[in-house]
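# Residue-level structural notes
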Amino acid sequence: MRRGIAAALGMLYLVGPVWNAAAQTRIVKVEGRVTAADGAPVPGATVASFWKVDEKTGEQTGLEGATTDADGRFQLKLDVYRPELALMALDSAKKNGGLVLANLDDVAKPIEIALAPAVRVHGRFFSKGLDKAPPWTNVYMWVFSKKARVIANSSFKGEFSMILPPGEYFMNAYGSDVRSIGKSVTLRTDESDLDLGVLELPATVIAMHKGKELPPWRLSDARGAKKDVTLADYRGKWVLVDFWGYWCGPCVRQFGELIDFYEMHAADRDKFEILAFHDGTVKDFAEMDEKLAGTKRSIWRGRDLPFPILLDAQEDDRGATVKAYEIQAFPTSLLFDPEGRLVGQAGIQSLEKKLPPVPMSTRIPRALDAYVALGVESIPLDNAVKFFSQEAHIPITIDADSLKSAGVDPAVVVPLKLSAGLSLRSWLELMLEPFGLEARPG
């Protein structure tokens, strides 16, 4: 079969894999009815298990929701992650709302949602440590039992505004460079608007040390470096410190990328270093190695971590340094300049910009053989190409003339349903084979 050229590959570099979490969900079918306070049916209302406020327009939308018919009835098919399911309904004018929390064992019965006057709750954020609003914030509202989240509102303006039915809620707010806060919120039927005013989000230790040296870390042991190693030992180099744990899926998958990066930039080791800073959940390297045996075999392709590994000093479950630096998410990667000053949270893309470019003759063969783990299902061809381009941080372009001569529409759906860890070369072959196409480095 003659093959057309589907895509031209430029510099190719793969980032952390994407996993399909669908296997961990439970699919449930829900039906019910939305009524007004007097019991009359409410047509045109939206019912959804989760809502989101658009950060640009402020429009509040029920994700994967359903609209009630003339009798106020609705049907939903949902992927559920928790044993309880929250369903929130708003009428078409978003003036009235209702909320129910149901156990999954009870959803076989029709659910009744009664509406009452809704409340707009809003507020702003400020951080004294930053002396400004955080650059990005997000608010989750949970039903007060904290058994289900019902809405999210992220913002680049340090503010939030959402419409909710009356009731008891727990608000979780967090953002860039700040610590999270929790707050109980009561919405009453006789109060259509609740202004929470300006809420303080405390700056993190990391945010307050940008451009400065961080306090010294504490270690219990080190591999590939002396036991009392400090950042000062790497003066003159860019240093990426990655905080991780064997138990963290995104962390160990990201190390596949970091290993590839380290190997590909072997000629520039005098200019940079990567330090893998394990949290306090292991007492020594023997325990860590035992925990990572399967990961090394299945994700790292039998390779050891080639860069220094530091073990945090034991303190509580988190580790002394993780606690002192207020590391809130894993993985967290910190970039330090050659003088030992903190640049901030950054990934290997930021580090790579500080290093000489790797020749295409080196990048492309490595990229095509790199391990990529993801799940795909009925993805359009042009979206697949865009996905690989974004994940690889390189331009991958569709050759329109070749597709046209092969009679292939760029938006054709790829007949592939698969969750696997394969080389990029294999993924491209699987995507393109049904159409008699191939990808060629350009």
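These numbers were taken from a predicted model, which means no experiment stands behind them.

The next thing to look at is the side chain of Asp279. With respect to the element layout, Asp279 can be found in the loop between strand E21 (272-278) and helix H3 (285-291). One buried charged side chain, Asp279, makes no salt bridge at all; its nearest oppositely charged neighbour is Arg318, positioned 7.3 Å away. At a separation of 3.0 Å, a polar atom in the side chain of Asp279 contacts the side chain of Trp247. Of the polar contacts made by the side chain of Asp279, one reaches the side chain of His278; its length is 3.1 Å.

Time to look at the sheet that holds strand E20 (residues 238-244). Read across the open sheet, the six strands follow the order E19-E22-E21-E20-E23-E24; overall the sheet is mixed. Every other strand in the sheet has two partners, leaving strand E19 (219-223) and strand E24 (342-345) as the edge strands with one partner each. Neighbour-to-neighbour, the strand axes of the sheet open up by a mean angle of 20°, direction not taken into account. Across four bridges, E19 lies against strand E22 (residues 309-312) in antiparallel orientation. Bridging from a neighbouring strand, Leu219 pairs with Asp312 of E22.

This brings us to the pairing of E22. Burial along E22 is two-sided: Ile309 and Leu311 facing one way and Leu310 and Asp312 facing the other are all buried. Across three bridges, the pairing between E21 and E22 is parallel. Following the sheet pairing, Phe277 is matched in E22 by Leu310.

Parameters at a glance
- Residues numbered from 1 in each chain as written.
- Predicted model: local features only at pLDDT ≥ 70, side-chain atom pairs only at ≥ 80, totals over all residues.
- Heavy atoms only, no water.
- Helix = DSSP H or I, 4+ residues; strand = E, 2+ residues; numbered from the N terminus.
- Buried < 20%, exposed > 50% of the residue type's maximum accessible area, 1.4 Å probe, protein only.
- Lys, Arg positive; Asp, Glu negative; His and termini not counted.
- Salt bridge = Lys/Arg side-chain N within 4 Å of Asp/Glu carboxyl O.
- Polar contact = N/O pair within 3.5 Å; in protein donor to acceptor, adjacent residues only side chain to side chain.
- Pairing = 2+ DSSP bridges.
- Axes fitted to C-alpha atoms, helices over the stretch in contact; angles between N-to-C directions.

Distances and angles like these do not, on their own, reveal function.
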